[in-house]
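Okay, here's what each chain looks like letter by letter:
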Amino acid sequence: MAGKKGIGSKVRKWTEERFNLKQVVGLLLNIFPVIYGELDQRLDIKEGLQKLLKKPVPKHVNFWHCFGGITFLLFVIEVITGIMLATYYKPSAADAYNSIKFIVNEVPLGWLIRQIHAWGANLMILCLFIHMLRVFFHGAYKNPRELNWMVGVVLLLLSIAFGFTGYLLPWDQLSFWGTTVGTEVAGGVPFVGRLLLTLLRGSENVTGDTLTRFYTIHVMILPWFTAIFLALHFSMVKRQGIADPL
Ligand code: HEM
């Protein structure tokens, strides 16, 4: 199609207008061995890395064992694209919607970063469920890995909370009513429902205060908790090894 450019050439043009990629790569290739050599001489990085990477993968590990790692990779992508979005996003009732419009229409490649963040979130939940089902059907939750399964459940809840709080941030009709219904469900919990609903919303209704709360939870509280529970999860996997087949 004449005149219509693909994403590849758009990205290339955007990059070429801003910096000389060849020079940057050349510079990095020149600097890296100097720094690395000095560090390795003092800290034996190479030996440490080789020890870590030469640990053989158990024979029974197959395709289905990859989904925990893929979930983690997607989480890292969410953190990176989330930080990029936060540099332009304005978390207030007056500005949130327009700042998203600005990211999508004006910020170079902003639309791409937003889509990667949104699709990445959905894919992460999908991979997380496949990972959980894999662990379940392999019986890998059994003794001695019960505690790691429980840590996993916390990670699942944290991931769902990421999705729920992030959904409100565009501050459009869909997110407003989605959050209204979602918090209404929390309000239906016996005994503590009303308290839970007001805690989440910041008042009786979904307002700018709810947006501030959800933004704080999304970018300041959940990432730290997730990082702590991921560290626990991985250290237990390292200590206990991958479960043998049933
Ligand atoms: C952000 C979410 C999560 C990440 C990034 C993650 C990552 C991982 C990784 C990389 C492993 C190593 C083996 C593999 O990949 O299968 C693993 C193992 C394990 N995960 Fe997760 N996981 C998450 C959530 C969960 C959930 C929701 C559960 C269960 C409720 C769970 C339970 C387990 C258990 C029991 C193991 C040990 C399995 C074995 O030894 O075969 N994880 N996880």
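Residues numbered from 1 in each chain as written. Predicted model: local features only at pLDDT ≥ 70, side-chain atom pairs only at ≥ 80, totals over all residues.

Asks: Before we go on, may I ask you to explain the packing of helix H8 (residues 173–187) against helix H9 (residues 193–201) in this structure?
Replies: The description of two packed helices rests on the angle between their axes and on the distance between the axes. Following both chains from N to C, one finds H8 and H9 inclined at 150 degrees, their axes separated by 7 Å at the closest point. Classified by the interaxial angle, the pair formed by H8 and H9 is roughly antiparallel. Every residue of H9 that contacts H8 at Thr 183, Ala 186 and Gly 187 is listed here: Gly 193, Arg 194, Leu 196, Leu 197, Leu 200 and Arg 201. Looking at the contact of H8 with H9 residue by residue, the classes come out as four nonpolar, three polar and two charged. (Axes fitted to C-alpha atoms, helices over the stretch in contact; angles between N-to-C directions. Helix = DSSP H or I, 4+ residues; strand = E, 2+ residues; numbered from the N terminus. Parallel < 35°, antiparallel > 145°, perpendicular 65-115°, else oblique. Contact = placed C-beta atoms within 7 Å. Nonpolar A, V, L, I, M, F, W, Y, C, P; charged D, E, K, R; others polar.)

Asks: What am I meant to see in the site of the ligand here?
Replies: In the region of the ligand, 25 residues are neighbours, and Gly 68, Ala 140, Gly 152, Leu 156 and Ala 243 sit closest. Those elements giving two or more residues to the shell around the ligand turn out to be helix H4 (67–86), helix H6 (110–137), helix H7 (146–168) and helix H10 (208–240). Take the shell around the ligand: its biggest share by element is seven residues, from H7. Grouping the constituent residues of the shell around the ligand by class yields 15 nonpolar, nine polar and one charged. (Near = placed C-beta within 6 Å.)

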